[in-house]
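Residue strings, one per chain:
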Amino acid sequence: MGHRTAPHRRPHRTPPHTERGGTAVTAADQARDDAVEAALGKLDLDAKTRLLAGQDMWSLPALPEIGLGSLVMSDGPIGVRGVRWTADDPSVALPSPTALAASWDPDLARRAGRLLAQEARRKGVHVLLAPTVNLHRSPLGGRHFECYSEDPYLTGAIGTGYVQGVQDGGIATTVKHFAGNDAETERFTVDNAIAPRPLRELYLAPFEAIVRGARPWGVMTAYNQVNGTTMTEHRQLVNGVLRGEWGFDGCNVSDWTAARSTTGCLEGGLDVAMPGPVTVYGPALAAAVRAGEADGAAVDGAVRNVLRLAARAGLLEGAPAAVTEPPAPLDGAALARELAVRGFVLLRNECAALPLDRSSGRTVALIGAAARDARVLGGGSATVFPERVVSPLDGLTAALPEGALTYAVGADPSEEPAPAAQGFELRAVCRDASGAVLGEGGLPSGQVQWIGEDLPEGASYETLASVEITGTFLPRESGEHVFGTRGLGAFRLAVGGRTLWEGVQGMGDEADPFEAFFGTPRERARAVLAAGEPVGVSLTYQVPDMAGMPLKAVLFSLLHLGPRRDPEELIEEAVRAARAADTAVVVVATTERVESEGFDRGGLGLPGRQDDLVRAVAAANPHTVVVVNAGSPVELPWREDVAAVLLTWFPGQEGGAALADVLLGDAEPGGRLPTTWPACLADAPVTEVVPREGRLEYREGLLIGYRAYEAHGVRPAYPFGHGLGYTAWAYESLEATAESVRVRLTNTGPRPGREVVQVYLAPVADPVERPASWLAGFAGVEAGPGESVEVDIPLPGRAFEVWDEEAYGWRRIGGGYEVRAGHSYADIRLTATLHL
Ligand code: BGC
C-alpha cells in the first residue's frame, strides 16, 4: 500500500482561548493585546505618528521608551535580500513563485516559508515582503513569474502554506499586492475596473483564503486603483472587506511610495507608509490630527496594528512572541534543489526520451547561452544575491562521466549589453569632491543600486561626489567587446587604461524615471580584447546633488556584451555538436529585458534566434530535449518536433543540479502547470494590459486562464494542471459528497512516483453564469510501482458559491454537478455526479 505525502509537524502553540474574526484567540494573543494596549497608552501623538512611517528604506523607528525594537522589512518572495541591494551578505535563492506553485504542494510551500524565516532571522529581518498572490490574468504581466497561478484556489492554497511556513519561524509576511496588481503598465496610477463577481471570485479570493487560513501578520496594499480608488486609500476593501469581513488583525503596509495622501490613507485603513524618511505619515500626520483633519482614534488603531505585529515578531518587551522556538534549521541549498525538482514541469516526453539513458559511452551535447550563464531568478524587487549559482553546464558536468558532455552556445538571447558579470571582478569606490576615497563596496556585477542607506561605509550623500566601478575583466572570447552604461548623469568609461567615452545621459524622452534608471541600456564604446588576457575597466559616475530629494539613491550600471559572432555560424556549430552526440539538450531562456518588474511583456516569443536554433538542432538529432528557462509562458512553435520539453522556470540557485537530477532520472520532475500555456499570444484570453486614459477594464469578467480557453473553444499548447512524470497512473474509483472526494489510483509504471490528483466541478445546467468547470481541490499522492493509494480531498464550501453583490454575500448554487478527477484540466480520468 502506498502512502500520502507526510503531514508536517506544527511548532508548539498555546491552546485556543476564545474566538475572534472566525479564528481561535489564544491566551498568548490576549497577553500580547494587553501589552500592546499598555504600550500604546504611553505614547504621545508624535511618537505614534513616527511609528507609522518608515525611518528609512526598510525599517520603522525603535521606541525605547516602550521597549519597542525597530521592525525591519525585506523582499521576498524567493529569498531574503536584507536591507542592502548588494551581494555583501548573500541569500539563498529559491525557485520562482511560478515554480513553487507548479509543485501543487502547500506543505512544500510551507517548508520554503520556514527556510525564508530562517534566512530572515539570520539577516535581522522581521517582516518578509511576500508572498505575491496577484493572478496570472495575462501572460504579458511583467511580474507573472512572481505570482503563483491563473487559478485563485491554487494561489490561495500555495500562499497559505507559504505564509504559515514563514510565520512558523516567527517572521511576519505581507501578502501582496492587495489588490488587482496583475500587470505593470502605469502600475502606480492605473485604475483597474473590476466587476464585483470577478473581484470577489478571482482577485480577492487568494487574499481571503490566506487571511482565513494562515492569519497573516501583514498585508501590502498595491500601487494601483480598483474601481476608482487607489488601494492605499481603499476604505471599502481594506477596512470593510479585509478587516471587517475576513477578520484580518495584522498590519497594512503600503507598497513602496504608494501612500500619497495623509488623511486619505488614514481613512482608507493604511497603517504604515513606506519607505521613509519622508512620507505622508510621521510629522504630516501629527499636524493633520492637531489641525482636526485626521482622526486621533484612527491613528491609535494603526499604531495598535503595528505594535501587534512587533509583538508577534518578538520586538515588544513584555509581550509574548508568537514563536518562541523556531523550527529545526533547514539546509538552504538542499531545499532549493528539492524545490526546483518538484517545480519542473515535463511538458512533453515522446517515446520516453527522458530520463536519459545513463549507460556508459552515451554523450550529451548541451546547447544554449542560458545553459552556461543560467538565469535563476526574475528581476526587480524579487532579486537576491545568492552565494553560488549552479548552471545547467555546472550541474551536468558534475553528474556525467568525463568526456560525455560537450557545450555550444548556439544562440545568444541577449542582443543588448547587460550589467557586466561573467569574467568581471568589480568593486565600487566612493570619493568626495577633492577625489579623496570615502569608502568602498563589493559588487557582484556592474550594477550599482544603492537606495537610501545602502551606501558603503564611510560615504554619505552629503560628501559623496563620484562613484567609480573599477576592477578587471577576463574575456572568455576574443574579439570586439561592447561596453555601455545605464543611468542618468555624467560618466567616464575606460578600458585597459584608455578613456573610451565621456559624456552625459539626460532624461531624454523617457517619461518614466524608473525606465531611465533600470531600462534602456546604452552602448558607449567597443574594444578589441583577447580571450584569457585580463584588462582593467573603470566607469566613473558623477553623483548629482540630491539635497532636498525625499529618497536618495545612486543607480547606474557598467554594461557589457561579448563579441557578436555570426548567428548562422553559431547555429551550425550547435548542429554539428548535436549530430555528434546521442542526445542534444537545448536550454532556451528569456532575459531580464523580457521578464522583470516595472514593465509588461510585449510578446511571448523567445528572444534572439533561439527558435531557429531549436529547429536546426531537432532536425539534426531526433533525441533533442528542450529545457525552457523562463518564469512565464513563452511560445514554443517547434514543440511537436522535439523529443521532450522540460520547463524549469527560474529555477533558483541550485537549478543546474536539479536539472541533472531530473534529466538523468535520479528524481522525477514533480510539477504541474499552474497556468495554461498558450500556443501563441493571440490565443491567450487576455492580451490587453495597457490602460486607456489611465483605466484598464477587466472586460473578460470571470473568464481568465483555463476558464476562458474552455469558453472560447481555444486549445492551448499545454492545459492547466498538465505535467508528466516518469511513471503512469490508473485512476480506479471516485466517490464524491458535497464535502469531499475519495479517489483511488494505482501506480502502473516501472518506478515510484508522485501524482497530483486534481478535482474539478462542472455544473450541470447551470442556473447562474459560471465557467464550464473550475478547480475545487487537489492532493499529492506517492506510490511505488504496482502500489495503490487512496486519497480524500476536501471540497471547500466556497467551490459551490458565487458572489451576489445585490445581497452582498455568497450564495450557494444548488443543482447537479459533475465531479471530475484527473491528471489535468484536459485529462479527466473519472467522473461522478452530485446533487446539492
Ligand atoms: C514592489 C514591492 C516591493 C517593494 C520593495 C515595490 O516596487 O512593488 O513588491 O516589496 O517595491 O522593494
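Note that the structure is predicted; figures quoted are calculated from it, not measured. (Residues numbered from 1 in each chain as written. Predicted model: local features only at pLDDT ≥ 70, side-chain atom pairs only at ≥ 80, totals over all residues. Heavy atoms only, no water.)

> Account for the overall build of the protein chain, naming residues and giving values.
Scanning the protein chain from N- to C-terminus turns up 19 helices and 39 strands. Along the first, second and third principal axes, the C-alpha atoms of the protein chain reach 80 × 75 × 50 Å. Looking at the protein chain residue by residue over its 836 residues, the buried ones come to 62%. Across the protein chain, the fraction of contacts at a sequence separation of at least 24, relative to all contacts at a separation of at least 6, is 76%. Averaging the locations of the 75 positively and 106 negatively charged side chains of the protein chain gives two centres separated by 2 Å. (Helix = DSSP H or I, 4+ residues; strand = E, 2+ residues; numbered from the N terminus. Buried < 20%, exposed > 50% of the residue type's maximum accessible area, 1.4 Å probe, protein only. Contact = heavy atoms within 4.5 Å. Lys, Arg positive; Asp, Glu negative; His and termini not counted. Charge placed at Lys NZ, Arg CZ, Asp CG, Glu CD.)

> Pulling in residues and values, what's your account of the confidence of the model for the protein chain?
Within the protein chain, residue pLDDT values average 94, and 96% of them lie at 70 or more. Overall, residues 1-17 carries pLDDT values under 50, and its contacts beyond four positions in sequence, including any with other chains, amount to 39 contacts. (pLDDT = per-residue confidence, 0-100.)

> With reference to specific residues and values, describe the domain arrangement of the protein chain.
Partitioning the protein chain into domains gives domain 1 (44-312), domain 2 (337-416 + 565-697), domain 3 (422-561) and domain 4 (727-835). At the junction of the two partners, domain 1 supplies 54 residues and domain 2 supplies 54 residues. When the two sides are added together, the surface that domain 1 and domain 2 hide from each other amounts to roughly 4,300 Å², 59% of it contributed by carbon and sulfur. Contact with domain 2 buries area across many residues of domain 1, yet Arg-137, Leu-140 and Phe-145 alone supply 17% of it, more than any other trio. One can count five salt bridges joining domain 1 with domain 2. Between Arg-111 and Glu-338 there is a salt bridge, with its nearest N and O atoms 2.8 Å apart. On the surface where domain 1 and domain 2 come into contact, there are 29 residue pairs in polar contact (both at pLDDT 80 or more). Looking at the side of domain 1 that touches domain 2, the elements with two or more residues in it are helix H3 (97-102), helix H4 (106-122) and strand E8 (191-193). Tallying contributions element by element places H3 first for the side of domain 1 that touches domain 2, with five residues. (Domains from an automatic or database assignment. Buried area = accessible area lost by both parts, 1.4 Å probe. Salt bridge = Lys/Arg side-chain N within 4 Å of Asp/Glu carboxyl O. Polar contact = N/O pair within 3.5 Å; in protein donor to acceptor, adjacent residues only side chain to side chain.)

> I'd like to hear about the side chain of Arg-348, residue by residue, with values.
Along the chain, the position of Arg-348 falls in strand E13 (residues 345-349). Arg-348 sits in the buried class, given a relative accessible area of 13%. For Arg-348, the side chain forms a polar contact with the main-chain oxygen of Glu-640, separated by 3.0 Å. A polar side-chain atom of Arg-348 sits 2.7 Å from the main-chain carbonyl oxygen of Val-642. Setting aside chain neighbours within four positions, we find Arg-348 in contact with Arg-639, Glu-640, Val-642, Ala-643, Ala-644, Val-645, Tyr-718 and Leu-724.

> Would you mind going over the pattern of salt bridges in detail, with residue names and values included?
Across all of its chains, the model carries 58 salt bridges by this definition. Residue Asp-249 pairs with Arg-312 through a salt bridge whose shortest N-O separation is 2.9 Å. On the criterion of sequence distance, the pair formed by Asp-249 in the loop between helix H8 (235-245) and strand E12 (251-254) and Arg-312 in helix H11 (residues 296-312) is long-range, its members being 63 residues apart. Of the two residues, Asp-249 and Arg-312, both sit in the buried class. Shared partners join several salt bridges into a network, and the residues in it are Asp-29, Arg-32, Arg-215, Asp-249 and Arg-312.

> Quick one: what's the story with the site of the ligand, residue by residue and with numbers?
Around the ligand, 13 residues are found, and the nearest of them are Asp-75, Arg-143, His-177, Tyr-223 and Asp-255. Asp-75 has a polar side-chain atom sitting 2.5 Å from an oxygen atom of the ligand. One of the side-chain N or O atoms of His-177 is found 2.7 Å from an oxygen atom in the ligand. Relative to its unbound accessible area of 310 Å², the ligand is 94% covered by the protein chains. For the shell around the ligand, the per-class residue count stands at five nonpolar, two polar and six charged. (Near = heavy atom within 4 Å. Areas by Shrake-Rupley, 256 points an atom, 1.4 Å probe, with all protein chains shown as cover. Nonpolar A, V, L, I, M, F, W, Y, C, P; charged D, E, K, R; others polar.)

> Could you give an account of the pairing of strand E32 (residues 740-747), naming the residues involved and the relevant values?
The pairing of strand E31 (residues 729-736) with E32 spans seven bridges and is antiparallel. Across the sheet, Leu-734 pairs through a bridge with Val-743, a residue of E32. Where E31 hands over to E32, the hairpin turn is made up of three residues, counted between the paired strands. Pairing of E32 with strand E35 (residues 788-794) involves seven bridges; the strand directions are antiparallel. When the bridges of E35 are listed, Val-741 appears paired with Ile-793. (Pairing = 2+ DSSP bridges.)

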